[in-house]
Amino acid sequence: MPDTIHYGDGPRHVAIIMDGNGRWATMRGRPRLFGHHAGAKRVREVVRSCDEVGVKYLTIFAFSTENWKRTQVEVAGLMSLFRRYIAKEARALRDENVRVRFIGDRVRLDAKLTGLMDEMEAQTADCTGVNLTVAINYGGRDEVARATQRLARDVQAGKLDPADVTVETLPRYLDTCVLPDPDLVIRTSGEARISNFLLWQSAYAEYEFVDTLWPDFTAGEFAGLVSNYAMRDRRFGAVKA
Ligand code: FPP
């Protein structure tokens, strides 16, 4: 084994782009929403496995700022799936000590959904186990634009000196301000793109692109990717002694 390989710790924060639900359903001659429902079951399974594999933060991309371009039927179906998932899972996640947060722009979401999101965040606010963050109406560029608006308001109000806008202070304005940066980003379904997910936060993340369609992604495959990560040599641009 070459001695340049560094066996590090597992990833503390894993982010997942859950792709391939539509193709999975189409391959079965079913509507795309059937794939999203099957995908939701995998979310459950992966969240529940985090404790066991030592992942403290899991962030999942549920709906992007670009997903509004899908048919009205699919968008409405996804929104209804989110409402149902939240209503159904809130108690179980709380009982499992999972702290749930949402990121993304809530302005375009309906009041019923944002009400459930607020409730779920409040109900799990004192949970100390796995931190699950669900990105809904989220886009990395949109997040940076919204953060910049907040930052500009602080400058205008005299609360922030422009000279103090640095790589340390700017992330405090992002939706993810309380989260560590992701160590590992996984994308399913064979596409090797980041699609506007956690652009600022993933500057030093490792990426895993796997062919599995999201509804076929198991806790076992997740555990394998998490253990691969620990085998990688992470230098953050520096040279290790
Ligand atoms: C991408 O597959 C998937 C989505 C846009 C939706 C993700 C949503 C879920 C997995 C539902 C459950 C989530 C929660 C939080 C309950 P795609 O439709 O782009 O698939 P395709 O590329 O094959 O068309």
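Parameters at a glance
- Residues numbered from 1 in each chain as written.
- Predicted model: local features only at pLDDT ≥ 70, side-chain atom pairs only at ≥ 80, totals over all residues.
- Heavy atoms only, no water.
- Helix = DSSP H or I, 4+ residues; strand = E, 2+ residues; numbered from the N terminus.
- Rg over C-alpha atoms; globule rule 2.2 N^0.38 Å.
- Buried < 20%, exposed > 50% of the residue type's maximum accessible area, 1.4 Å probe, protein only.
- Near = heavy atom within 4 Å.
- Polar contact = N/O pair within 3.5 Å; in protein donor to acceptor, adjacent residues only side chain to side chain.
- Areas by Shrake-Rupley, 256 points an atom, 1.4 Å probe, with all protein chains shown as cover.
- Nonpolar A, V, L, I, M, F, W, Y, C, P; charged D, E, K, R; others polar.
- Right-handed = clockwise from strand over helix to strand, strands pointing away.

Draft legend 1. How the structure looks around the overall build of the protein chain. Counting its regular elements, the protein chain contains six helices and six strands. Along the protein chain, from the amino end to the carboxyl end, the secondary structure elements read β-α-α-β-α-β-α-β-α-β-β-α. Rg of the C-alpha trace for the protein chain: 19 Å, near the compact-globule value of 18 Å for 241 residues, within the 12% margin. For the C-alpha atoms alone, the extent of the protein chain along its principal axes is close to 55 × 55 × 35 Å. The 241 residues of the protein chain split such that 47% are buried.

Draft legend 2. Spatial organisation of the site of the ligand. Taken together, 18 residues surround the ligand, and among them Asp19, Gly22, Arg23, Arg32 and Arg70 come closest. Residue Arg23 places a main-chain N or O atom 2.7 Å away from an oxygen atom belonging to the ligand. For the ligand, an oxygen atom lies 2.8 Å from a polar atom in the side chain of Arg32. For the ligand, whose unbound accessible area comes to 620 Å², protein coverage reaches 92%. Those elements giving two or more residues to the shell around the ligand turn out to be α1 (21–27), α2 (32–53), β2 (57–64) and α3 (72–95). Looking at the shell around the ligand residue by residue, the classes come out as nine nonpolar, five polar and four charged.

Draft legend 3. Main features of the pairing of strand β3 (residues 99–103). In terms of residue burial, β3 counts as a mostly covered element, since four of its five residues are buried. Regarding the hand of the β-α-β motif, the stretch spanning β3, helix α4 (residues 111–123) and strand β4 (residues 131–138) is left-handed.

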